[in-house]
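Chains, contacts and geometry: an overview
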Amino acid sequence: MDLLSFIRLARKSWWLILLSLVVSVGAALVVTANMPPRYAATTTMLFSSHDKQGGFSPAYQVSTLSQGVHSYANLLTSRRMVSQVTTPDDVARLQQNITVDVVPGTVLLRAMVTDENPERAAALANALSTKFARLVGQIERPTPTSRPTVKVTVIDSAQVPRTPVSPMPVVNVLVAMLIGLVVSVSSLILRDRLDTTIKNSATLQQASGSSTLGIIGYERDAKRHPLVVRRKGRSSRAEAFRSLRTNLQFIGVDRKPRSLVVTSCLPNEGKSSTSSNLAITLAQAGWRVLLVDGDLRRPRLPDYFGIEGGVGLTDVLIGKVSLEGVVQTWGEPRLFVLPCGQIPPNPSELLGSDGMRQLLADLTADYDMVIIDAPPLLPVTDAATLSALCDGTILVARYGRTRHEHVARGIELLASVSARVVGTVLNFVPAKASRYDGYGYGYESAAQPEVKTPAAV
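Since the model is a prediction, treat every value here as computed from it, not as a measurement.

1. Concerning the sheet that holds strand S13 (residues 421-429)
Strand order across the open sheet formed by eight strands is S6-S13-S12-S7-S11-S8-S10-S9, with mixed pairing between neighbours. Where the open sheet ends on each side, the last strands, each with one partner, are strand S6 (212-217) and strand S9 (328-330). Strand after strand, the sheet turns through a mean of 25° between neighbouring axes, direction not considered. Relative to S13, S6 is paired through four bridges, and the arrangement is parallel. Directly across from Thr 212, in S13, lies its bridge partner Thr 424. Seen against the sheet, helix H14 (residues 354-366) touches strand S7 (259-264), strand S8 (289-293) and strand S11 (369-373) and runs at an angle of roughly 140° to S11. Relative to the sheet, helix H15 (residues 382-389) contacts S7, S11 and strand S12 (392-398), its axis offset from that of S7 by approximately 160°.

2. Observations concerning the packing of aromatic side chains
In this structure the tally under the stated criterion is five aromatic pairs. When the ring of Phe 336 is compared with that of Tyr 367, the centres are 5.5 Å apart and the planes differ by 65°; the resulting orientation is edge-to-face. In this pair, Phe 336 is assigned in strand S10 (residues 335-338) and Tyr 367 in the loop between H14 and S11, connecting sequence segments 31 residues apart. Tyr 367 carries the same exposure label as Phe 336, and that label is buried. Counting every residue linked through ring pairs, the aromatic cluster contains Phe 47, Tyr 72 and Phe 132. We note Arg 288 situated over the ring of Phe 336; from NZ or CZ to the ring centre the distance is 4.7 Å. Residue placement shows Arg 398 over the ring face of Phe 428; its charged tip is 4.2 Å from the ring centre.

3. Some points on the pairing of S10
Burial along S10 is two-sided: the residues Leu 335 and Val 337 and Phe 336 and Leu 338 are all buried. Looking at chain direction, S9 and S10 are connected through three bridges and run antiparallel. Along S10, the bridge assignment pairs Thr 329 with Phe 336.

4. Brief notes about the environment of Pro 167
In this fold, Pro 167 is placed in the loop between strand S5 (150-156) and helix H7 (169-194). Take Pro 167: its relative accessible area is 19%, and that puts it in the buried class. Taking the C-alpha atoms as reference points, Pro 167 and Thr 32, separated by 135 residues in sequence, lie 6.1 Å from one another. Contacts of Pro 167, omitting those with residues within four sequence positions, involve Thr 32, Met 35, Pro 36, Pro 37 and Asn 172.

The rules behind the values
Residues numbered from 1 in each chain as written. Predicted model: local features only at pLDDT ≥ 70, side-chain atom pairs only at ≥ 80, totals over all residues. Heavy atoms only, no water. Pairing = 2+ DSSP bridges. Helix = DSSP H or I, 4+ residues; strand = E, 2+ residues; numbered from the N terminus. Axes fitted to C-alpha atoms, helices over the stretch in contact; angles between N-to-C directions. Contact = heavy atoms within 4.5 Å. Phe/Tyr/Trp six-rings, centres within 6.5 Å; stacked < 30°, edge-to-face > 60°. Buried < 20%, exposed > 50% of the residue type's maximum accessible area, 1.4 Å probe, protein only. Lys NZ or Arg CZ within 6 Å of the ring centre and 35° of its normal.

Here it is, written out as structure tokens:
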């Protein structure tokens, strides 16, 4: 992940980072408030040995003696030593509260005792140093009557501490903020890596191996009003479909599609609204367009356009009615709509029949563009069957819901029937995501009148 991608991810999920910081700081303050203060008392001891005249000298064989001071440091925290200054029940606790440091390059030993009571901490440190000097004198005697070869002198007695060494509120808060920041950022990066949903045109293009023809933004009232004819088409969503229409005109200069299947990988990804609005924008540009409701399982077009859907495609395929009797006109300029009709028990067989193939041939001869709203690809085979009969297929993916593997599987199904994927559409894209990925646009309310483009021949 590069720096720019990380900044975009952080801007998108800033609230999670802020929440982690607030929780971590709050937890640090609560823990700090409930921690009892602890005080540290320190004493310093000097080791010396016999010189040639028989006296004690800290400078005599300092290098040899300083190496042995580390052994004395372990002795200072031993059970034998600690048991001389406290009760047997408190030996283990006091051992944990003793810190011994050897001053590098010297024969000085510094012992620090921490306790919740400052007077007790100083008393324990002084008692420990006194008992330790006596113990070393006893140990370092060649014979019980001889003089000790090593002497320990207390050069700095422990004083009663005035300020506690813990807790440290500032340090605790800073550490908590660092931990919260690391955890939140790591969680964001991990979630981003594990998230395989389609969230930009580059990912969609990589998954499908086809160009992205349109980026359709999310609008709050799109579910209640799916068609782009409201407000005289002056909306960012309407402009996005006009851009899709323009891009579609550049598809296959030598082999322009006359029939298109619009489908998606899974339900509720916006394929019906995409096919409907694409048909509307093509009709507004002067094309003679027929929109066919090819979803014989859950037809949506009658609800979108407010038309009668009881008789339609299925009735034509079984020879019950003629095509002219069921095609309905809608809007101005006129858009032709063919509803699905009665729901059949065998949609896949009906859509893959010779009658459907012949019907498509007749429709492409009469209309500039035939757009078929097909069922989703992965749950049923209807869309793949229709795609094999039509000139091209547009695959619709939903931002943040359609997964990379879903698109790849859908493309495999289309390739297995030799269907031609002319492009993809990324639907329901939030405005912020549009700006971050560089394909956002503005739209002026006082839009210029649309220039009509000639219909494809």
